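# Structural features, examined
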Amino acid sequence: MKSESKMYVIKHPTIEDAQAVTNLVSLCDIEEIGEPDITLSDVLDLWQSIPIETNVWIVLSEANKLIGYAFLEERGANRLDTCVFVNPAFKNQGIASILLQKVEQRAAVIIKNKEGELKLMNHIPFTNTAAINLAVNSGYTFSRLYERMRIQLEGPPNVPLLPDNIVIQPFQPDRDEEILFSLYDDTFRDAWGYAQKDGATWMAQKKGDNYDASLWFIVWREDQPAGFLMSTMHDDGLFIDLVGVKREYRKHGIGEALLLHAFSLAYKRQQSTILLYVDSDSLTNANRLYQKVGMRPHSQSAVYVKNLTC
């Protein structure tokens, strides 16, 4: 790849490149939202769930500096997700275009083994107009906004209140896997972007390097599962991955109780920062719930979608 008489090398990374990738994405985050929004463990967790020898690319400069990064993640039977990052000092040199081409070439290989239509979802910082223009010119259309929400705990959170006969219990490994997946499948089936997958694959993807069973919870009403929360602890805070409550148990304070329960555990572990991402157009008005417990929007990312067929 040549650009302005410079030679760049595009290749698949090795695990030894993870820290350099983290540093690159941090630079991009600082430019877009004013602070890093990634840790080394985030990168390693992602790379554990995707084949980096085929679905991840890095770009090296003439000085062997990592200046570009992209990945393609299979999120379900008919959904692929991608993000493209370029060092701010190397923008407007065609690097993002080449990386997006690599992503789409790989997506074309994957779809040969699929049936029906496949959605390729490109996640872009809402303020990155150059990346948005590239996506639009490449055939992507705007679909959704996601908000990054955060709270800084200044003291012990409120004690969660639950209806009678409902309790929150820690996830029990080697016992609750099928129950947890069933809860996820039931509560997110109608959500935008839901992609069908088998329970074993889903669970393997969730049990990354930061997996901690004590940060996963199931809500029970007597002997019936009613909801769940999954979270991971990172250097920059407790990240809430998923929260779901079965339809028949909604509007009884269970979601709020789950969040406050997670807040309390984070506070006890001397972590005051809580983070999550939420669909701005959530069918369950999840934004209101998160605001109710004190979380506030911090930044936004846009999802642009391209429909692929064989």
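I will try to describe carefully the structure that is included in this document. (Residues numbered from 1 in each chain as written. Predicted model: local features only at pLDDT ≥ 70, side-chain atom pairs only at ≥ 80, totals over all residues. Heavy atoms only, no water.)

Helix and strand counts for the protein chain come out as nine helices and 14 strands. Relative to the compact-globule value of 19 Å for 310 residues, the protein chain shows a C-alpha radius of gyration of 20 Å, a close match. For the protein chain, the spread of C-alpha atoms along the principal axes amounts to about 70 × 45 × 35 Å. By the burial criterion, 48% of the 310 residues in the protein chain qualify as buried. Accessible surface for the protein chain amounts to roughly 15,300 Å². Of this, 48% is attributable to carbon and sulfur atoms. (Helix = DSSP H or I, 4+ residues; strand = E, 2+ residues; numbered from the N terminus. Rg over C-alpha atoms; globule rule 2.2 N^0.38 Å. Buried < 20%, exposed > 50% of the residue type's maximum accessible area, 1.4 Å probe, protein only. Areas by Shrake-Rupley, 256 points an atom, 1.4 Å probe, with all protein chains shown as cover.)

Quick look at the nonpolar core now. Grouped together as the largest cluster of nonpolar side chains are 44 residues, with contacts concentrated most on Leu180, Phe263, Ile274, Tyr290 and Met295. Among the elements that line this core, the one with the most residues is helix α8 (residues 254–268), at eight residues. Beyond its immediate sequence surroundings of up to four residues, Phe263 is in contact with Ile151, Leu153, Pro157, Ile240, Ile274, Val293 and Met295. The next biggest cluster of nonpolar side chains, apart from the first, holds 26 residues, and it includes Leu72, Leu80, Leu120 and Leu145. (Core = buried A, V, L, I, M, F, W, Y, C linked by side-chain atoms within 4.5 Å. Contact = heavy atoms within 4.5 Å.)

Before going further, it helps to spend a moment on the layout of surface pockets. In this structure, the second largest pocket spans a volume of roughly 220 Å³. Residue lining of the second largest pocket: 18 residues in total, with Pro157, Asn158, Glu256, Leu260 and Val293 positioned closest to the centre. Here the lining of the second largest pocket takes four residues from α8, the largest share from any one element. Residue composition of the lining of the second largest pocket, grouped by class: eleven nonpolar, four polar and three charged. (1 Å grid on protein atoms, 1.4 Å probe; cavity = no way out; pocket = protein on both sides within 12 Å on 5 of 7 lines; lining within 4 Å. Points joined across faces, edges and corners; volume = space filled by probe spheres on them. Nonpolar A, V, L, I, M, F, W, Y, C, P; charged D, E, K, R; others polar.)

Running from N to C, helix α1 (residues 18–33) and helix α2 (residues 40–49) point in directions that differ by 120°, and their axes come no closer than 9 Å. The angle between α1 and α2 places the two elements in the oblique class. Of the two possible hands of crossing, α1 and α2 adopt the one that is right-handed. Where α1 abuts α2, its residues Ala18, Gln19, Val21 and Thr22 lie against Leu40, Val43, Leu44 and Trp47. Among the residues making up the contact of α1 with α2, the classes are represented as six nonpolar, two polar and no charged. (Axes fitted to C-alpha atoms, helices over the stretch in contact; angles between N-to-C directions. Parallel < 35°, antiparallel > 145°, perpendicular 65-115°, else oblique. Left-handed = near helix turned anticlockwise from the far one by under 90°.)

A separate point is unusual backbone geometry. Although it is not a glycine, Asn92 sits at a positive phi angle of roughly 60°. Tracing the sequence through the fold places Asn92 in the loop between β6 (79–86) and α4 (95–111). In this structure, Asp174 is a non-glycine residue whose phi angle is positive, near 65°. Residue placement: Asp174 occurs in the loop between β9 (166–170) and α6 (177–188). In this structure Asp174 comes out as exposed when scored by relative accessible area, which is 75%.

Within strand β4 (residues 56–60), five of the five residues are buried, leaving the element largely enclosed by the surrounding structure. Residues Val56, Ile58 and Leu60 point to one face of β4 and Trp57 and Val59 to the other, with burial holding for every one of them. In this sheet, β4 lies alongside strand β3 (residues 9–11) in antiparallel orientation, the contact comprising three bridges. The residue bridging Ile10 from the neighbouring strand is Val59, located in β4. Relative to strand β5 (residues 66–76), β4 runs antiparallel, the two sharing five bridges. Bridged to Leu60 within β5 is Leu66. Following β4, the chain reverses through five residues before pairing antiparallel with β5; Asn64 in that reversal takes a positive phi of roughly 65°. (Pairing = 2+ DSSP bridges.)

This part covers the sheet that holds β4. Here we have twelve strands laid out as an open sheet, ordered β3-β4-β5-β6-β7-β14-β8-β13-β12-β11-β10-β9, and mixed in their pairing. Each of the sheet's edge strands pairs with one partner strand only, and the pair in question is β3 and β9. Neighbour-to-neighbour, the strand axes of the sheet open up by a mean angle of 20°, direction not taken into account. Pairing between strand β10 (residues 216–221) and strand β11 (residues 224–234): six bridges, direction antiparallel. When the sheet's bridge partners are listed, Val219 is paired in β11 with Gly227.

Shape is all these values report; function is a separate question.
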